[in-house]
Amino acid sequence: MWRNYLSAALRNLSRNRLYAALNIVGLAIGLAAGIFAGLYVREELSYERSIPGHENIYRVSMTRQTPGTAAAPFSTAYHRVAEWLESDFPEIQAIGRFWTVRKAVRNGEIEAQQPVAFADPDFFRVFALPTIAGELSTALSTPDSIVLTRQAARKYFGEDAPIGKTLELDRKEVMRVTAVIEDLPSNTHLNFTAIASNTRLLQELSPLPEFNVRKFEAHTYFRLNPATPIQSLHERMASLVDRHQKFPPGIQLQVDVLPIADIHLKSQAQFPLKPPGDLKTVYAIAAIGVLIIVIAGINFVNLMTSRASQRAVEVGVRKVAGTSRRDLMLQFIGESLIYVTLAMLVAIAAVELLMPHFNALLDHSPSDASAAAIRFEYWRDPMLALTLLAALLSIGLAAGFYPAMVMSAFRPINTVKANTIRGGGSFKVRQLLVVLQFGVLVLLILATAVIHRQTQFALHEGLRIDRDQVVLVSFRDPKTRQGFQEALREVAGIEAVTSSHTAPTNLGTIQLNAELSGGAQAALQSTAVDFNFHEFYGLRPLAGRLFSRERGTDAVPANVQEAAQLALIVNEAAVRALGVATPEAAVGQTLKIKEWSPNLQYQIVGVIPDFPVDSMRVAVQPTVYFVDQSRLILISARLGGHAIPETLARINQLWQRIGEPRPIESQFLDDYYESLYTGVRQQARLFNSFTVIALIIASLGLFGLSVFAAQQRTKEVGIRKAMGAGTREIMALLLWQFTRPVLIATLLALPLGAWLMQRWLDGFAQRASLDAWLLLAAGAVALLIGTLTVAAHVYFVARWRPVVALRDE
């Protein structure tokens, strides 16, 4: 019997190659999309899971707040917090800090600028990372020790275990390789390739004031005793800072503790080691993957039942021969499993072929030398293999149940006598399923359009600064910077030059307490800039003026003791924070800044517009600008529109001649802003891909519906043609029938999509508007796709000769 059923299934598949191909390809596309969505979701939810004992490791960070301002969470902590935790909490087994500093790393002729983590000796007691060579427990015990990842070891030494060999940092510090660890996987927020002892760094930090920014940049982690619940520590940590350190009045510092597994998706702290993920996006991708599989299954049901009439005689004969309905259901479910198995094989092959492109889509490296790429190794991953098998069985049974119910319910006398089957499933059910398919498609089209619009807004309209062809060159020594900047002005191809303490993309983390002469207080971020900084970036004052070299009070003097006044420029956010009604009213106001020299008076001479210095998810911070030539360590150079490579080569030559004794560290400002939106770009690319997939599957579903409906209305078409109806009238009738569910789907999906996308946009401090034309365009695209999908088939049906249609009936 089973052999008979199998031969019947294969014979049916062979005789209906077109519909078999539609079924298998449509289902395979849906399954492949579901697999990719599952891999992405698993990757996002598995952060830090590869670190041994990750469930007992916590990150220590701080939230800072001053009166009248919102709390500002940071991913780092004050450097002495580690000492306090170690002394106050014996439940903590190990605690480790590290600072990330960009260094020139050199071995012989191989030299490169890269971030180096300077860590405590106990760092590897907290993070027990896989070791290739050396002993991690003592790897950072001496001031000259450094640990490399496998990739870094191969880069600088060409081998996996260069234990005892030396590297130079900034061409002056000689470091000895004491251990090599495995490359960090993609699903961790840690992103270093070199970890050095922080002994020398701590000596440099020691003479700095306690409220210096460097002392607040310590990434701090601890490993907790597994028997101790973290809740027992939270209450005692609330007063940790007050017990050990007194900071300037008005500044409140709160210690925060977070499991490292929650950092990627649940932390909103500023200045993370890696751009965080978005939990809402993870849920959205998971839902889209499931929906795409569902609509692929809907197509399967539609196409299977639409071809049911061709199985009429077979079903009738089997029933007359004594086959029970149960056996027929088993037969048709078995056929469904065959189709789903073939589709799954095609999907797995497609996923394997497209994995490099998928990793490129997510900006993961496919290099064999790195573990950064997401892998689809089901033969090594029993859980993944079992998931695929479970999906195959559940989809096969679920998708095959309804067609089996429909086809096994046919009455033998009717099927044998008429050689056809009326119905083949409810047509209204089919329309409802098409409504669901196109509803999902409309949502995806709208999401894709809104994400693209917000990304373009963030990179262009919302910036408010002129960033075209701007190259940033970093310095360590302000004196070297001054000579280089003057020489840079004479380089051919450079139109303008300015300098600052930091890029316009990062104004630091330390807040200053500023007080107006009238008594209003606010926390302001500060940055030192050159005289022409604001003109260079195209920022015009809303009120007052910009800095000028001709004015003696516009720059910090060499002898602060002799100065009486210093000019400041603030942004709109600072005006609001200080409680001043308008920018014009802020000009001329005098500020007291407790952290700066008490001998100086600080006068606001100008107000500039707000512009984002970080991702647009972060609100623009109240900021004050001042001129201090001794603090400027970053040059901004605007290149001309022609001969860019030649100009960059001249800058490199100038660096080699009068720059610092290390490789030049430069970056286009455009590249930095692009990096801020890596996550949003990934979302956009994922939604683009899933939209195309949903479009293909929904179109296949509508095509299957049109084929079925045309078969059911053959006699009607013949009669209408015989009564004088033309091709145009028949096309209008059929097109309305087929596009009506698409129109219903559009009307239902657009309000839901508008609500969902408005909530997504609310996650940005600066955002594009959700215009009505975007909603109308998404609906129009869906209607156009639906119409084009069935137009050719409708035209073919509408041109049938009446005699052919009536003879068929």
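So, how was this worked out
Residues numbered from 1 in each chain as written. Predicted model: local features only at pLDDT ≥ 70, side-chain atom pairs only at ≥ 80, totals over all residues. Heavy atoms only, no water. Helix = DSSP H or I, 4+ residues; strand = E, 2+ residues; numbered from the N terminus. Contact = heavy atoms within 4.5 Å. Areas by Shrake-Rupley, 256 points an atom, 1.4 Å probe, with all protein chains shown as cover. pLDDT = per-residue confidence, 0-100. Expected span 1.5 Å × (residues − 1). Buried < 20%, exposed > 50% of the residue type's maximum accessible area, 1.4 Å probe, protein only. Arc of directions from axis to C-beta. Core = buried A, V, L, I, M, F, W, Y, C linked by side-chain atoms within 4.5 Å. Salt bridge = Lys/Arg side-chain N within 4 Å of Asp/Glu carboxyl O. Axes fitted to C-alpha atoms, helices over the stretch in contact; angles between N-to-C directions. Parallel < 35°, antiparallel > 145°, perpendicular 65-115°, else oblique. Left-handed = near helix turned anticlockwise from the far one by under 90°. Nonpolar A, V, L, I, M, F, W, Y, C, P; charged D, E, K, R; others polar. Lys, Arg positive; Asp, Glu negative; His and termini not counted. Polar contact = N/O pair within 3.5 Å; in protein donor to acceptor, adjacent residues only side chain to side chain. Pairing = 2+ DSSP bridges. Patch = residues over 30% accessible without salt bridge, like charges linked within 9 Å, V, L, I, M, F, W, Y side chains within 5 Å. Phe/Tyr/Trp six-rings, centres within 6.5 Å; stacked < 30°, edge-to-face > 60°. Bend = angle between axes of the 7 residues up to and from the residue.

Asks: What should I look at first to understand the overall build of the protein in this one?
Replies: When helices and strands are counted, the protein shows 26 helices and 22 strands. A fraction of 79% describes how many contacts in the protein between residues 6 or more apart in sequence connect residues 24 or more apart. Counting only carbon and sulfur atoms, one obtains 58% of the accessible surface of the protein, whose full area is about 35,600 Å².

Asks: What should I look at first to understand the confidence of the model for the protein in this one?
Replies: As a note on interpretation, predicted positions should not be read in detail where pLDDT is low. For the protein, the average pLDDT comes to 81, and 82% of its residues sit at 70 or higher. For the stretch residues 419–425, pLDDT sits under 50, and the model shows 27 contacts to residues farther than four places along the chain or on other chains.

Asks: I tried to follow helix 20 (residues 644–658) on my own but got confused; where do I start?
Replies: Side chains of residues three or four places apart in an α-helix project in the same direction, reflecting 3.6 residues per turn. Taking 1.5 Å of rise per residue, 15 residues should cover 21 Å, and helix 20 covers 21 Å from first to last C-alpha, within 8% of that figure. For helix 20, the set of buried residues is Ile644, Thr647, Ile651, Leu654 and Trp655. Looking down the long axis of helix 20, one finds its buried residues gathered within 105 degrees of arc, a one-sided arrangement. Within helix 20, the exposed residues directed more than 90 degrees away from the buried face are Pro645, Gln653, Gln656 and Arg657. In the core, the buried residues of helix 20 are packed alongside strand 12 (470–474), helix 16 (478–488), strand 13 (494–500), strand 21 (634–639) and strand 22 (666–668).

Asks: Please clarify how the environment of Val491 should be interpreted in this entry.
Replies: The residue Val491 is located in the loop between helix 16 and strand 13 in this model. Between the alpha carbons of Val491 and Arg650 there is a distance of 7.1 Å; along the sequence they are 159 residues apart. What Val491 contacts, discounting residues up to four positions off in sequence, is Arg650 and Leu654.

Asks: What am I meant to see in the nonpolar core here?
Replies: As a rule of thumb, nonpolar side chains are buried together in soluble globular proteins. Core analysis: the biggest nonpolar cluster contains 110 residues, and Phe358, Phe376, Phe438, Tyr537 and Phe690 have the highest contact counts within it. Among the elements that line this core, the one with the most residues is helix 15 (residues 427–461), at 14 residues.

Asks: When you look at the environment of Pro272 in this model, what are you seeing that I'm missing?
Replies: With respect to the helices, strands and loops of the structure, Pro272 is situated in the loop between helix 9 (263–266) and helix 10 (279–306). Along the chain, Pro272 and Ser75 lie 197 residues apart, while their C-alpha atoms are 5.6 Å from each other.

Asks: Sorry, what's going on with the pattern of salt bridges here?
Replies: It is possible for side chains bearing opposite charge to pair when their charged atoms get close. What the rule picks out here adds up to 29 salt bridges. Two residues, Glu83 and Arg80, come together in a salt bridge whose shortest N-O distance is 3.5 Å. In this structure Glu83 comes out as partly exposed when scored by relative accessible area, which is 39%. When its relative accessible area of 28% is taken as the criterion, Arg80 is described as partly exposed. The closest approach of N and O atoms between Arg662 and Glu660, which form a salt bridge, is 2.8 Å. Members of the salt-bridge network, linked through shared partners, are Lys103, Asp170, Glu173, Arg200 and Arg476.

Asks: Looking at this structure, how should I read the packing of helix 16 against helix 20?
Replies: Running from N to C, helix 16 and helix 20 point in directions that differ by 140 degrees, and their axes come no closer than 11 Å. Regarding the angle of helix 16 to helix 20, the classification is oblique. For the pair helix 16 and helix 20, the crossing hand works out as right-handed. Between helix 16, through Thr480, Gly483, Phe484, Ala487 and Leu488, and helix 20, the contact on the second element is made entirely by Ile651, Leu654, Trp655 and Ile658. Taken together, the residues that form the contact of helix 16 with helix 20 break down as seven nonpolar, two polar and no charged.

Asks: Is there a simple way to think about the side chain of Thr228 in this case?
Replies: Among the structural elements, Thr228 can be located in the loop between strand 10 (219–224) and helix 7 (231–237). Excluding its chain neighbours within four sequence positions, the residues that come into contact with Thr228 are Glu91 and Leu233.

Asks: How do you make sense of the side chain of Arg59 when you look at a structure like this?
Replies: Within the secondary structure, Arg59 is located in strand 1 (residues 57–65). It turns out Arg59 is buried and unbridged, and the closest side chain with the opposite charge, Asp256, is 7.4 Å from it. Within the structure, Arg59 has its side chain in polar contact with the side chain of Ser267 (distance 3.0 Å).

Asks: Would you take a moment to explain the pairing of strand 9 (residues 194–197) for this structure?
Replies: The side chains of a regular strand alternate, residue by residue, between the two faces of the sheet. By the bridge criterion, three bridges tie strand 4 (residues 110–119) to strand 9 in an arrangement that is parallel. Bridge pairing in strand 9 links Ala119 to Ser197. In this sheet, strand 9 lies alongside strand 6 (residues 145–149) in antiparallel orientation, the contact comprising three bridges. What sits directly across from Leu148, in strand 9, is Ala194.

Asks: Would you mind showing me how to read the pairing of strand 18 (residues 590–593) here?
Replies: Of the two faces of strand 18, only one is covered, namely that formed by Leu591 and Ile593; the face formed by Thr590 and Lys592 stays uncovered. Pairing geometry for strand 18 and strand 19 (residues 601–608), over two bridges, is antiparallel. When the bridges of strand 19 are listed, Thr590 appears paired with Gln603.

Asks: Can you help me understand unusual backbone geometry in this one?
Replies: A negative phi holds for most residues other than glycine; trans holds for most peptide bonds. Residues other than glycine seldom take positive phi values, yet Asp170 does so here, at roughly 55 degrees. Along the chain, the position of Asp170 falls in the loop between strand 7 (166–169) and strand 8 (173–181). Of note, Arg171 is a non-glycine position whose phi angle comes to about 60 degrees, a positive value. Inspection of the secondary structure puts Arg171 in the loop between strand 7 and strand 8.

Asks: For this particular structure, what's the right way to read a nonpolar patch on the surface?
Replies: Residues Leu386, Leu389, Leu393 and Leu397 make up a contiguous nonpolar surface patch of roughly 370 Å² in combined accessible area. Here Leu386 is to be found in helix 13 (residues 382–408).

Asks: I would appreciate a short explanation of the packing of aromatic side chains in the present structure.
Replies: Under the definition given, this model contains 20 aromatic pairs. Feature note: the residues Phe98, Phe123, Phe124, Phe127, Phe192 and Tyr221 constitute an aromatic cluster, connected by ring pairs.

Asks: Sorry if this is basic, but what is going on with helix 12 (residues 325–361) here?
Replies: The sharpest bend along helix 12 comes to roughly 55 degrees, located at Leu354, with the proline Pro356 sitting one to four residues further on. At the exit of helix 12 stands Asp363, carrying a positive phi of roughly 60 degrees.

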